[in-house]
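# Structural overview for review
Here are the chains, one letter per residue:
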Amino acid sequence: MSLNENTQILFPYDAPPAPGTILEMAPGIFWVRLPLPVALDHVNVWVLDDGDGWTIVDCGLENEESMAVWGALTSGPLSGKRVRRLVATHSHPDHIGAARRLVQDFDIPLAATQIEWTNAVARHAEIANGVTPAQARFFTDHGYPAERAAQRTSFGKIMIPLMPNPPPLDQTIVDGTTIRFGQRNWRVIVAGGHAEAHASFYCEDDHILIAGDQILPRITPFVGVEYRDPDSDPLKTYLDSLALFSGLAEDALVLPGHGLPFRGLPQRLDQLHHHHDVRLTRVIDGLDQPRHAFDVAAQLFPKAVGTGHERMALAESIAHLHYLMYHGRVARSRDRSGVLLFERG
Ligand SMILES: [Zn+2]
């Protein structure tokens, strides 16, 4: 099948597999859906038939609900062969949270990029330790209320037990190399913006992309400035990364970390660029006067402010402001109380 420019994004299935079941997306590649206890209520993971066992790509959270699904799968549709390996696309809890349990229960190796494994260790420590003064300062620097900055968000509290220390890294995934699992060769595409060194996997022979969160079908992946790298421009990194996918087969089957698998990669890449263009315009339009990033977040994400997701909204808003700043369209200064101000420039 080939797709012309006018072709829409196509979803081969309009519903995910039921909990504890699998759906074959291509010969030997199975879709599994795991629950998440947050607004984005699910994550997709992939089970690949190695012939003599299974490789799992991503694994959900380490909570009762996820582990019950893994139990139902290994005593049901996956029984008869053992799980042999866990591959992680990136370090976010919904993708790597259950790694410790699965590695321990199945006695399997973990493969990930070195950076994402290190970030999983750091994220575990960060979540376990709570908000540090440096982290709070990063937020108050952007106009976030000091009393809220010093506390964990409700989202942060949910995450404490769900992000255990990851198991040791057994195989380092390296950009541009070929990794073999599920009886196929996969080219590793490491990209930043959503996570520092997110790995996607592309099978040239069969035009299949295990995209992780780098490319999602309906929502856009979170792209935010983190307190450890307060002057970064992750939106540029993310938008630049999309070029890594523009040369892949137009009819590739895309297996995303959230949402439904789809075909129509070129169209989706265009939509992702367009989405951020629109949002950047909204940021500029909203700067009718100099504003703190937290005010910009309230304009862009009014529903998120006051919820457990407000820091993510703030981090995304800073990412858009930084992108504009490094393109010379926004200037940054400090107001009299030392809080960062952004204005059209
Ligand atoms: Zn995710």
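Below is a short write-up of the structure. It should be emphasised that the depicted structure is a prediction, and the values quoted were computed from it without experimental measurement.

### A word on the sheet that holds strand β12 (residues 253-256)
Here we have 6 strands laid out as an open sheet, ordered β8-β9-β10-β11-β12-β13, and mixed in their pairing. A strand with exactly one partner marks an edge of an open sheet, and here the two such strands are β8 (178-181) and β13 (262-263). Pairing geometry for β12 and β13, over 2 bridges, is antiparallel. Counted as the bridge partner of Leu 253 is Arg 263 from β13.

### Here we look at the nonpolar core
Leu 209, Ile 215, Phe 245 and Leu 265 are the most contacted members of the largest nonpolar core, which has 48 residues in total. Those elements giving two or more residues to this core turn out to be α5 (133-140), β11 (208-212), α8 (234-241), α10 (265-286), α11 (293-300), α12 (310-326) and β15 (340-344). Beyond its immediate stretch of four places on either side in the chain, Phe 245 contacts Ile 189, Ser 200, Leu 209, Gln 214, Ile 215, Leu 265 and Leu 269. Counting 34 residues, the second-largest nonpolar core is a separate cluster that includes Leu 34, Leu 102, Ala 112 and Leu 162.

### Some words on the pattern of salt bridges
Taken as a whole, this structure holds 15 salt bridges when the rule is applied. A salt bridge links Arg 123 to Glu 226; the nearest nitrogen and oxygen atoms lie 3.7 Å apart. Here Glu 226 lies in the loop between β11 and α8 and Arg 123 lies in helix α4 (residues 114-129), a separation of 103 residues in the sequence. Overall, Arg 123 belongs to the buried group, its relative accessible area being 16%. A residue is classified by how much of its surface remains accessible, and Glu 226, at 29% relative accessible area, is partly exposed. The closest approach of N and O atoms between Arg 228 and Glu 126, which form a salt bridge, is 2.5 Å. Placement of the pair is Arg 228 in the loop between β11 and α8 and Glu 126 in helix α4, with a sequence separation of 102 residues. According to the relative accessible area criterion, Arg 228 is partly exposed, its value standing at 45%. Classification of Glu 126 by relative accessible area gives buried; the value is 18%. One network of salt bridges, with partners in common, ties together Arg 123, Glu 126, Glu 226 and Arg 228.

### Brief notes about the sheet that holds strand β5 (residues 82-87)
Pairing in this open sheet of 7 strands is mixed, and the strands run β1-β2-β3-β4-β5-β6-β7 from one edge to the other. The open sheet has two edge strands with one neighbour each: β1 (23-26) and β7 (171-172). Pairing between strand β4 (residues 53-57) and β5: 5 bridges, direction parallel. Residue pairing across strands places Thr 55 opposite Arg 85, the latter belonging to β5.

Cut-offs and rules
Residues numbered from 1 in each chain as written. Predicted model: local features only at pLDDT ≥ 70, side-chain atom pairs only at ≥ 80, totals over all residues. Heavy atoms only, no water. Pairing = 2+ DSSP bridges. Helix = DSSP H or I, 4+ residues; strand = E, 2+ residues; numbered from the N terminus. Core = buried A, V, L, I, M, F, W, Y, C linked by side-chain atoms within 4.5 Å. Buried < 20%, exposed > 50% of the residue type's maximum accessible area, 1.4 Å probe, protein only. Contact = heavy atoms within 4.5 Å. Salt bridge = Lys/Arg side-chain N within 4 Å of Asp/Glu carboxyl O.

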